[in-house]
Amino acid sequence: MKTAKIIASTMGVILTTSLLHADDRPAWRSAFDLTRANLDTFTMTLMRDGSEAGSMTYGWEVKNGHYRIHDRSEMQPNILETAEALIDRDSLLPEMLSIDFTIGANRMDIDAAWQNGQATGQLVTTRDGQQQARPIADDASQVAPLRLAVIGLVAALPLGPDFKVTLPWFNSMANRTEQVTLEVTGEQMVETPAGTFDSWQVAIKGGTPENIAYVSKTRPQRIVRIDVVGQPMHFLLTKTGS
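From a predicted model like this one, the values you see are computed outputs, not experimental measurements.

### Here we look at the packing of aromatic side chains
Scanning all chains against the criterion turns up three aromatic pairs. Plain terms: the ring middles of Phe42 and Tyr58 are 5.7 Å apart, the flat faces sit at 50 degrees to each other, and that makes the pair tilted. With a gap of 16 residues between them, Phe42 in strand β1 (residues 42–48) and Tyr58 in strand β2 (residues 51–63) connect regions that are remote in the sequence. In terms of burial, Phe42 and Tyr58 fall into one category: buried. Cation over ring: Lys217 sits above Trp200, and NZ or CZ is 4.4 Å from the ring centre.

Right, dumping it as structure tokens:
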């Protein structure tokens with residue numbers, strides 16, 4: 001299940017609710033400006049040891065005054081994740097999350113909701129025919145965005161030399177809140193099936209697992225590559241649009 005957890009954590013979707021007023025926003029919120037980012041649906045190819053091993057389709061859309069995040073990710077030979085979440089359009093905190101993750105006959109289902117800053121729901125795992133249910137962790141009620149939301153939102157940061165921001169996020173697959181740092185560590189020309197992009201290299205440190213995201217410099221900024229630190233795996237932008 002180690003590889004499965006790495007893929008699921010990398011693509012896991014979690015979202016947050018918020019009834020906060022602008023004056024009550026946490027400090028990290030001011031770092032994100034969605035006018036900088038292109039979060040329309042895009043598809044990435046998963047490369048493992050130099051060969052195609054799966055794909056991820058991810059995107060944001062406005063729905064009834066909220067943001068809806070959707071994700072479908074697969075890894076050969078038998079890993080599949082589908083996810084949907086709603087987040088508050090102003091605070092970027094979660095309101096609803098639903099994840100269905102399978103690896104062969106084993107399964108993980110997450111259903112969570114946030115109201116007035118409080119999280120409810122459960123994480124149900126089925127392994128070898130045995131089912132176990134756990135409540136969503138208490139620390140999910142902290143004022144924190146979701147991991148998968150932030151992986152998309154990295155394109156909404158004011159990236160440049162020496163940029164760095166620290167924030168909490170809720171990692172749904174691990175069922176806990178983690179402190180993470182997003183830091184520009186370099187620049188790189190990134191070749192992908194969708195083209196070549198002059199990009200900022202952004203290290204995402206403190207999560208499980210850690211990642212490196214490559215974000216195009218041209219606005220609207222978009223993610224063009226994601227590396228899984230410590231694993232021979234990375235995602236490359238394949239196409240944009242549904």
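That covers the picture; the talk isn't over yet.
### Quick look at unusual backbone geometry
Here the amide bond leading from Gln76 into Pro77 is cis, since omega sits at 5 degrees, within 30 degrees of zero. The residue Pro77 is located in the loop between β3 (66–75) and β4 (79–88) in this model. A cis amide bond links Arg219 to the next residue, Pro220, at an omega of -5 degrees. By the element assignment, Pro220 lies in the loop between β12 (211–216) and β13 (223–228). At Asn175, a residue that is not glycine, the phi angle is positive and equals roughly 60 degrees. Here Asn175 is to be found in the loop between β9 (164–171) and β10 (176–192). What makes Asn175 buried here is its relative accessible area of 10%.

### A short note on the pattern of salt bridges
On inspection of all chains with the given rule, the structure shows 10 salt bridges. Residue Glu61 is joined to Arg68 by a salt bridge in which the shortest nitrogen-to-oxygen separation is 2.7 Å. According to the relative accessible area criterion, Glu61 is partly exposed, its value standing at 35%. Given the relative accessible area of 19%, Arg68 is considered buried. Residues Asp100 and Arg107 are paired through a salt bridge, measuring 2.9 Å at the closest nitrogen-oxygen approach. By relative accessible area, which is 24% here, Asp100 ends up partly exposed.

### As for the confidence of the model for the protein chain
One rule of thumb: low pLDDT means the predicted coordinates there are not for detailed reading. For the protein chain, mean pLDDT is 89; residues scoring 70 or higher make up 90% of the total. Across the protein chain, the secondary-structure element scoring lowest on mean pLDDT is helix α1 (residues 2–11), at 46, and the one scoring highest is β12, at 98. Counting interchain partners and residues more than four positions distant, the pLDDT-below-50 stretch residues 1–23 has 99 contacts.

### A closer look at the pairing of β1
Most of β1 sits inside the fold, with six of its seven residues counted as buried. Note that β1 and β2 share seven bridges and pair antiparallel. Bridge pairing in β2 places Met47 opposite Glu52. Looking at chain direction, β1 and strand β14 (residues 233–240) are connected through seven bridges and run antiparallel. When the bridges of β14 are listed, Thr43 appears paired with Lys239.

### Here we look at the side chain of Arg36
Mapping Arg36 onto the fold places it in the loop between α1 and β1. No salt bridge is formed by the buried Arg36; the nearest opposite charge belongs to Asp33, separated by 4.4 Å. Within the structure, the side chain of Arg36 is placed 3.4 Å from the backbone oxygen of Ala31, a separation counted as a polar contact. Those residues within four positions of Arg36 in sequence are excluded, and the remaining contacts are Ala31, Ala155, Ala156, Leu157, Pro158, Arg219, Pro220 and Gln221.

### A few points about the pairing of β12
Of all six residues in β12, five are buried; the element is thus mostly enclosed. With six bridges connecting them, strand β11 (residues 195–205) and β12 associate as antiparallel partners. Each bridged residue has a counterpart across the sheet, and for Trp200 the counterpart in β12 is Val215. Taking the residues between adjacent antiparallel strands as the criterion, β11 and β12 are bridged by five residues, where Gly206 takes a positive phi near 105 degrees. Sheet analysis places β12 next to β13, joined by five bridges and oriented antiparallel. Each residue of the ladder has a partner; that of Ile212, found in β13, is Asp227.

The rules behind the values
Position numbers for residues count from 1 along each chain, tracking the sequence in the order it is written. Selection of residues for local features in this predicted model requires a pLDDT of at least 70, selection of side-chain atom pairs for listing and counting requires 80 or more, and totals for whole chains, interfaces and linings are taken over all residues. The side-chain numbers reported here are obtained from all heavy atoms of the structure, hydrogens and water having been left aside. Each Phe, Tyr or Trp ring, with Trp reduced to its six-membered ring, pairs with another whose centre is within 6.5 Å; inter-plane angles below 30 degrees give stacked pairs, above 60 give edge-to-face pairs, and intermediate values give tilted ones. Going along the chain from the N terminus, every DSSP run of H or I of four or more residues is numbered as a helix, and every run of E of two or more is numbered as a strand. Accessible area is worked out with a 1.4 Å probe on protein chains only. A residue is then buried under 20% of its type maximum, exposed over 50%, and partly exposed in between. Consider the ring centre and the ring normal. A charge sits over the ring if Lys NZ or Arg CZ is within 6 Å of that centre and within 35 degrees of that normal. A side-chain nitrogen of Lys or Arg and a carboxyl oxygen of Asp or Glu constitute a salt bridge if their distance falls within 4 Å. A score between 0 and 100, pLDDT records how confident the predictor is in each residue. Should any heavy atoms of two residues lie within 4.5 Å, those residues are counted as being in contact. Only strands that DSSP links by at least two bridges are regarded as paired with each other. Counted as positive: Lys and Arg. Counted as negative: Asp and Glu. His and the chain ends are not counted at all. Between N or O atoms, a polar contact is any pair within 3.5 Å; within protein, one atom must be a potential hydrogen donor and the other a potential acceptor, and residues adjacent in sequence are included only when both atoms are from side chains.

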